[in-house]
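This is what each chain is made of:
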Amino acid sequence: MTSVLALLAGLSVAQAAGPNGFYDMCAVTAAECQPVAQTRSLGFDEVDRINRAVNGEIRPEVEPEGKDVWLLAPSEGDCDDYVMTKRHRLIAAGLGSAEARVAVGVAKGQLHAVLVVHLGPEFYVLDNLTDEMLPVQRSAVRILTVQSPADPRDWLKAPGSVAGAGQVVAAGRNLP
């Protein structure tokens, strides 16, 4: 089992700071940051449809340097906006917050937010850079931090990661 899979499965836990923009969003839209129980199981095809729909609805736009604003369902936005929109829709469809968790990692040398969805035995990465839902071990994103399954406001650090994503984001680097 890889260290990231151990983290996602809750076998290796170290606290981490989440991205500043996430906490700012929680102050404005507290409901998006509360634990939510699963009300029904979603299949791969339903999650895939929501992933592709959100990827097609939001036009990619990089935030200005030093900005980290997380929005729900904007017409244009960066990776964290896609993530929060997908998470919101999946939870509205019945998935619990423990099964749809925001993660921050590195992709193509830059910090990047993705949604990690737990379906059956697999953890899938939902990414705005591709419509394909990939198992976490096949994703190009190297996950550094992820929301706790117990409370979305708490973040966990992947074993072996040097710095928490919240620390790097706080330093002013943008997520694509």
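Our structure's up above, just so we're on the same page.
Residues numbered from 1 in each chain as written. Predicted model: local features only at pLDDT ≥ 70, side-chain atom pairs only at ≥ 80, totals over all residues. Heavy atoms only, no water.

### Regarding the state of the cysteines
Inspection of the entire model under this criterion finds one disulfide. Each sulfur in the disulfide pair C26 and C33 lies 1.9 Å from the other. The S-S bond linking C26 to C33 shows a torsion near -95°; that makes this disulfide left-handed. (Disulfide = S-S within 2.5 Å.)

### Comments concerning the side chain of K86
Among the structural elements, K86 can be located in helix α4 (residues 79–92). No salt bridge is formed by the buried K86; its nearest oppositely charged neighbour, D127, is found at 6.3 Å. (Helix = DSSP H or I, 4+ residues; strand = E, 2+ residues; numbered from the N terminus. Buried < 20%, exposed > 50% of the residue type's maximum accessible area, 1.4 Å probe, protein only. Lys, Arg positive; Asp, Glu negative; His and termini not counted. Salt bridge = Lys/Arg side-chain N within 4 Å of Asp/Glu carboxyl O.)

### Quick notes on the sheet that holds strand β1 (residues 15–16)
Within a sheet, adjacent strands bond to each other through the backbone by hydrogen bonds, running parallel or antiparallel. Read across the sheet, seven strands follow the order β1-β9-β8-β4-β5-β6-β7 without closing on themselves; strand pairing throughout is antiparallel. Two strands close off the open sheet at either side, each with one partner strand: β1 and β7 (134–135). When strand β5 (residues 110–119) meets strand β6 (residues 122–126), the two strands line up antiparallel, connected through five bridges. Residue V116 lies in a different strand from β6, and its bridge partner there is V125. (Pairing = 2+ DSSP bridges.)

### Concerning the nonpolar core
Buried together is how nonpolar side chains tend to be arranged in soluble globular proteins. Core analysis: the biggest nonpolar cluster contains 30 residues, and F22, V47, L90, V102, L115, V117 and L126 have the highest contact counts within it. Elements supplying a minimum of two residues to this core: α2 (20–28), α3 (44–57), α4, β4 (100–107), β5 and β6. Judged by nonpolar contacts, the second largest core, of 12 residues, contains A107, V116, F123 and V141. (Core = buried A, V, L, I, M, F, W, Y, C linked by side-chain atoms within 4.5 Å.)

### Observations regarding the packing of aromatic side chains
As enumerated under the stated definition, the model contains four aromatic pairs in all. Judged by centre distance (5.4 Å) and plane angle (75°), the ring pair of F22 and W155 falls under edge-to-face. Taken together, the positions of F22 in helix α2 and W155 in strand β9 (residues 155–157) put the pair 133 residues apart, joining distant regions of the chain. Classification of F22 as buried rests on a relative accessible area of 0%. Among the aromatic side chains, those forming a connected cluster through ring pairs are F22, Y23, W70 and W155. (Phe/Tyr/Trp six-rings, centres within 6.5 Å; stacked < 30°, edge-to-face > 60°.)

### Topic: the pairing of β5
Buried residues dominate β5, accounting for eight of its 10 residues. The antiparallel hairpin formed by β4 and β5 contains two residues in its connecting segment, where K108 sits at a positive phi of about 55°. Between the end of β5 and the start of β6, which pair antiparallel, lie two residues, with G120 showing a positive phi angle near 60°.

### What to know about unusual backbone geometry
Phi is positive for A73, close to 60°, though the residue is something other than glycine. Looking at the element boundaries, A73 is found in the loop between β2 (59–60) and β3 (76–77). You will see that K108, though not glycine, has its phi angle at about 55°, which is positive. By the secondary structure assignment, K108 is in the loop between β4 and β5.

### Concerning the environment of G120
Following the sequence through the fold, G120 ends up in the loop between β5 and β6. Given a relative accessible area of 58%, G120 falls into the exposed group. Expressed as a C-alpha distance, the spacing of G120 and L42, which sit 78 residues apart in the sequence, is 9.8 Å.

### A word on the side chain of D48
Turning to its location among the elements, D48 is positioned in helix α3. With relative accessibility at 15%, the residue D48 sits in the buried group. Excluding residues that lie within four positions of it along the chain, D48 makes contacts with D131 and M133. (Contact = heavy atoms within 4.5 Å.)

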